[in-house]
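Descriptive structure summary
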Amino acid sequence: MAKRPQLTGRAAILAVVVCAIAMSLAYPVREYISLRRSIAELRAEKARVEAERQTLLARDRQVQDPNWIKRTAKERLHYCGPGEKCFVVMEPEQGKEQAAVKRPAPPPWYQTLWESVEAADKGTGRRAVEKESVGQ
């Protein structure tokens, strides 16, 4: 009895058709996935912009309030209304105290260079230690 081949002509044609269908669907599926991702990103961007819009609307309503304007003028511009006595308390300058603390100057560049040469010569430099640990 003759042995039938494992791969018949029909099976080969079927395999070619299945591969062609898979290849023709690959690009549209990839585009679909990328478009879904961009839609999700745009929705997140829309939510962020909407939250910023609501914040700006609240600030706009706040700016329209005359009491807020007066309070802000007093706080930020040190405005005094007619008949009011206003005082401004000045804090001592912090910069002078910080300037008094002196930091030691860094060593000159040639001293740093010479120290690195000596460390390399002794084998205590950073690269020399790394190479020894890698080699073991």
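Just so it is clear, the model here is predicted, and its values are computed rather than measured.

Calculation rules
- For every chain, the first residue of the written sequence is number 1, and numbering continues from 1 onward in sequence order.
- Under the rules for a predicted model, residues below a pLDDT of 70 receive no local features and side-chain atom pairs below 80 are neither given nor counted, while totals for whole chains, interfaces and linings still include all residues.
- In computing side-chain values, all of the structure's heavy atoms are included and hydrogens and water are not.
- Aromatic contacts are taken between Phe, Tyr and Trp rings whose centres are within 6.5 Å, Trp giving its six-membered ring; a plane angle under 30 degrees counts as stacked, one over 60 as edge-to-face, and the others as tilted.
- Secondary structure elements are defined from DSSP: runs of H or I of at least 4 residues count as helices, runs of E of at least 2 residues count as strands, and each element is numbered from the N terminus.
- Any cysteine sulfur atom paired with another within 2.5 Å is treated as part of a disulfide.
- For each residue, the accessible area found with a 1.4 Å probe, counting protein chains only, is set against the maximum for its type, and the residue is called buried under 20%, exposed over 50%, and partly exposed in between.

Let's shift gears to the packing of aromatic side chains. Here the structure, examined in full by the defined rule, presents one aromatic pair. Their ring planes at 80° and their centres at 5.9 Å tell us that Trp109 and Tyr110 sit as a pair that is edge-to-face.

This part takes up unusual backbone geometry. Notably, His78 is not glycine yet its phi reads approximately 55°, a positive angle. Topologically, His78 is positioned in the loop between α2 (66-77) and α3 (94-100).

What follows deals with the state of the cysteines. Under the definition given, this model contains one disulfide. For Cys80, the disulfide goes to Cys86, at an S-S distance of 2.0 Å. We classify Cys80 as partly exposed; its relative accessible area is 32%.

This is a description of form; function is not addressed.
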